[in-house]
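# Results of the structural survey
Okay, here's what each chain looks like letter by letter:
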Amino acid sequence: MPIKAIIICKSQMRKLLSEHWLYLILLIILAILGAKALIHPGLFTAHDIWHQVVRLYYYSQGVNDGQFPPYWISQLANNFGYPLFFFSYHLPWIIGVLLLKLGFDIPNTIKILFFLSYIASGITMYFFVKNLLRNRFSGLISGILYLWLPYHFFIIFVGGSMGIAFVFAFLPLSFLGIHLIKEESKFGIPILAIGLSGIILSHIMHLIFLSPLILIFLLWELTNVQRRINFLKNISLGLVLGILVSSFYLIPALYYNQFTKVHQETGFSELYKRNFINFNQLIYSKWGYGPIVNNAKNGENSFQLGLAQWISMIFLVLLIFFKKISKNYQSLSTSLVIAFTISIFLMLDWSKSIWSIITKFVIVDFPFRLLLPATFIASISTGIVLQNIGKRWRNLVFFAFIFIAIYTNRNHLNVNQYTNFPISSYLNIETEATTNAFNEYLPIQAEAKLLNKPWNEIVGENLSASGVKKSTNQLLFNINVIKEGTASTGQFYFPGQTLYLDNKVIKFSTDKEGRISFIAPQGNHTVAVRYQETQLIKVSQLLSIVGFILTIALFIKPNL
């Protein structure tokens, strides 16, 4: 039976490619044209590009040190240790580690990851809209406009935001899963699970910004399905599977959040107040590469929605107003316009009172991240517009949208400048001590001032240290203690940290600066501070394995 199921899957894949190969080739060509700057030798400057180099480096080192997936990185935070991958995304780096194993270096791996996410986003958008509107032509134009939009180029070439680039690819997949469940397709549940887990493992904060759109789309699908109980049951199953797959990250991130400084006054919790934008910035704002200094209204960052996308939304509103939308798409179009309006409103200052309520429950950083759902909606709307205009105008409108999208984005396809720094330059710069701008995930008892002071493997009186060895999950050294006394190791405490003295686990405390402290007995000893996975993490990983197996099984044998 498993062999038969695999043969059926291969047959369906061949049929899929034979039906869509021409459209996919065109998408790939336009994706290569849009991402041609990634082909140039060397890495490039971008807001977060230094973070990405450091994260990929330490993720790879963590895997080499036996952590899979990595959580704690002992060399970060000035060698005091930092729980980076308890809270930072995993999916891009899991793929990145595979590319490194194939022989690619870190700069090229990062560029490949950006390119893969970019091309995948166009393909997933094509398949979503094609299935939603039952029209490959509409799917193609939506896929192209999803690729060729200012915010997509901003995320890759200006922001260097790896996690968000991957969210672009998994968002259409999530919606495709929801729609296929409504259509009672056997692949709907696993596709929804993959889409949801992909978003969570790529940039979990984006779920906050995407939730209104997802909810509106779910409600629309619910009103158009006959077997509503069955629909809700399968949606719930897809959501549960998606959560299970991402449990190895999601559960530790939610639970261990309380052991960090993220809820203290680090500045991170107040960041959203400075990052609303003006409506005219959505119409047009000058393209630039500088960082956000004081607030999103000033500086060189462009937050324009895109001319083709604005035209698409205006066309859709006019078609609704003049009742030129076919009956099948009236409620969908109205729902999209409502979701688009909500997304635009929540990016503006007028919505501050709403965000002040939201931030009592969750932490957000940049309200302008709602550009992703807004541009997603605009891309879908283009497909609807194409579907509902007269046939004699269809080809003209199709090519007009492509021309406008390519022409208006022609100056957005370049990076600021290319670089060829050694990896050590990225690792040693002070701003990359944690790869988080506010060091917000420092252990709650950690003294942040230690990040700017000389590091020592151990601090105490009447002792000396030698033979220091460091890895991502261990600090190991020898000590010679002349007189018994209290000593503090060069590692912050965080759940999972374990102290060994002469290969035996010993009890320890935490000093006033958050370091692991213990009574050092007289004599020569070996000290090791090792991060070890907690029981919660082990259970979370087991849940992910179960979710992954079930998701794959539903693909191979959907009628399980």
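The present account deals with the structure reproduced in this document. Here the structure is a predicted model, which means the values were calculated and not measured.

## Here we look at the overall build of the protein chain
A count of helices and strands for the protein chain gives 20 helices and 11 strands. Relative to a compact globule of 560 residues, whose C-alpha radius of gyration would be 24 Å, the protein chain shows 26 Å and is just as compact. Overall, the protein chain is about 90 × 60 × 45 Å in size when its C-alpha atoms are taken along their principal axes. Scored against the burial criterion, the 560 residues of the protein chain give a buried share of 55%. Taking the contacts inside the protein chain whose residues are at least 6 apart along the sequence as the reference set, 76% of them involve residues at least 24 apart. Surface accessibility of the protein chain: about 24800 Å² in total, with carbon and sulfur atoms responsible for 62%. Across the protein chain, the 43 positively charged side chains and the 23 negatively charged ones have centroids separated by 16 Å.

## Section: the sheet that holds strand S11 (residues 523-531)
Pairing is antiparallel across the open sheet formed by five strands, whose spatial order is S4-S5-S11-S7-S8. If you trace the sheet from one side to the other, it starts and ends with strand S4 (463-471) and strand S8 (504-505), each paired once. Looking at chain direction, strand S5 (residues 474-481) and S11 are connected through eight bridges and run antiparallel. Residue valine 481 lies in a different strand from S11, and its bridge partner there is glycine 523.

## Examining the packing of aromatic side chains
One pass over the full model with this rule turns up 49 aromatic pairs. Their ring planes at 80° and their centres at 6.5 Å tell us that phenylalanine 259 and phenylalanine 494 sit as a pair that is edge-to-face. A residue pair is termed long-range when its members are at least 10 positions apart, and phenylalanine 259 in the loop between helix H12 (247-256) and helix H13 (279-283) and phenylalanine 494 in the loop between strand S6 (485-492) and strand S7 (497-501) qualify at 235 residues. Put simply, the rings of Phe128, Tyr146, Tyr151, Phe154, Phe168, Phe175, Phe217, Trp220, Phe303, Phe366, Phe368 and Phe376 pair up and form one aromatic cluster.

## As for helix H18 (residues 391-408)
The terminal C-alpha atoms of H18 lie 26 Å apart, and with 18 residues this matches the ideal 26 Å at 1.5 Å per residue to within 8%. All of the buried residues along H18 are Val397, Phe398, Phe401, Ile402 and Ala405. For H18, the secondary structure elements touched by its buried residues are helix H6 (136-147), helix H14 (307-321) and helix H17 (371-388).

## Remarks on the pairing of S5
Here S5 shows a clear split, with Leu475, Phe477, Ile479 and Val481 buried on one side and none of Gln474, Leu476, Asn478 and Asn480 buried on the other. Strand direction decides the pairing type here: S4 and S5, joined by seven bridges, are antiparallel. Across the sheet, residue serine 471 finds its bridge partner in S5, namely glutamine 474. Two successive antiparallel strands, S4 and S5, enclose a turn made up of two residues.

## Some points on the packing of helix H2 (residues 49-64) against helix H5 (residues 106-133)
As a packed pair, H2 and H5 sit with axes 10 Å apart at the nearest point and diverge in direction by 110°. Compared by their axis directions, H2 and H5 come out roughly perpendicular. On the side of H2, the interface is formed by Ile49, Gln52, Val53, Leu56 and Tyr57, while H5 contributes Ile106, Thr109, Ile110 and Phe114. For the contact of H2 with H5, the per-class residue count stands at seven nonpolar, two polar and no charged.

## Some details on the pattern of salt bridges
Scanning the entire structure with this criterion turns up eight salt bridges. The shortest N-O distance in the salt bridge between glutamate 183 and arginine 134 comes to 3.0 Å. Of the two residues, glutamate 183 is situated in the loop between helix H8 (162-182) and helix H9 (188-203) and arginine 134 in the loop between H5 and H6; the sequence distance between them amounts to 49 residues. The class for glutamate 183 is partly exposed, based on a relative accessible area of 33%. A salt bridge links lysine 297 to aspartate 349; the shortest N-O distance between them is 2.9 Å. With lysine 297 in the loop between H13 and H14 and aspartate 349 in the loop between helix H15 (327-345) and helix H16 (352-358), this pair connects stretches of sequence that are 52 residues apart. Accessibility expressed as a relative area gives 29% for lysine 297, which makes it partly exposed.

## Side note on a nonpolar patch on the surface
Taken together, Ile545, Phe548, Ile549, Ile552 and Ile556 make up a surface patch of nonpolar side chains, about 450 Å² in accessible area. Relative to the elements of secondary structure, isoleucine 549 occurs in helix H20 (residues 535-556). On the basis of relative accessible area, isoleucine 549 is assigned to the exposed category, the value being 52%.

## Remarks on the sheet that holds S6
One key point about sheets: their strands pair by backbone hydrogen bonds, in either a parallel or an antiparallel sense. Here four strands make up an open sheet; going across it, the order is S3-S6-S10-S9 and the pairing antiparallel. The strands lining the two open edges of the sheet, one partner per strand, are strand S3 (458-460) and strand S9 (509-510).

## Quick look at the packing of H6 against H17
Where H6 meets H17, the closest approach of the two axes is 8 Å, and the angle between their N-to-C directions is 150°. As summarised for this structure, H6 and H17 are arranged roughly antiparallel, according to the angle between their axes. Like other packed secondary-structure pairs, H6 and H17 cross with a definite hand, here right-handed. Between H6 and H17, the residues in contact are Phe137, Ser138, Ile141, Ser142, Leu145 and Tyr146 and Leu372, Phe376, Ser379, Ile380, Thr382, Gly383, Leu386 and Gln387, respectively. Taken together, the residues that form the contact of H6 with H17 break down as eight nonpolar, six polar and no charged.

## Things to note about unusual backbone geometry
Following phenylalanine 68, the chain continues into proline 69 via a peptide bond in cis, with omega recorded as -5°. Inspection of the secondary structure assignment puts proline 69 in the loop between H2 and helix H3 (84-87). Although it is not a glycine, asparagine 439 adopts a positive phi angle of roughly 50°. Mapped onto the fold, asparagine 439 is located in the loop between helix H19 (423-428) and S3.

## A closer look at the side chain of glutamate 457
Inspection of the secondary structure puts glutamate 457 in the loop between H19 and S3. Of the side chains with opposite charge, lysine 470 lies nearest to the buried glutamate 457, which makes no salt bridge, at 7.7 Å.

## Let's talk about the environment of valine 240
Among the structural elements, valine 240 can be located in helix H11 (residues 228-245). Taking the C-alpha atoms as reference, valine 240 lies 36 Å from leucine 26; in sequence the two are 214 residues apart.

Calculation criteria
Residues numbered from 1 in each chain as written. Predicted model: local features only at pLDDT ≥ 70, side-chain atom pairs only at ≥ 80, totals over all residues. Heavy atoms only, no water. Helix = DSSP H or I, 4+ residues; strand = E, 2+ residues; numbered from the N terminus. Rg over C-alpha atoms; globule rule 2.2 N^0.38 Å. Buried < 20%, exposed > 50% of the residue type's maximum accessible area, 1.4 Å probe, protein only. Contact = heavy atoms within 4.5 Å. Areas by Shrake-Rupley, 256 points an atom, 1.4 Å probe, with all protein chains shown as cover. Lys, Arg positive; Asp, Glu negative; His and termini not counted. Charge placed at Lys NZ, Arg CZ, Asp CG, Glu CD. Pairing = 2+ DSSP bridges. Phe/Tyr/Trp six-rings, centres within 6.5 Å; stacked < 30°, edge-to-face > 60°. Expected span 1.5 Å × (residues − 1). Axes fitted to C-alpha atoms, helices over the stretch in contact; angles between N-to-C directions. Parallel < 35°, antiparallel > 145°, perpendicular 65-115°, else oblique. Nonpolar A, V, L, I, M, F, W, Y, C, P; charged D, E, K, R; others polar. Salt bridge = Lys/Arg side-chain N within 4 Å of Asp/Glu carboxyl O. Patch = residues over 30% accessible without salt bridge, like charges linked within 9 Å, V, L, I, M, F, W, Y side chains within 5 Å. Left-handed = near helix turned anticlockwise from the far one by under 90°.

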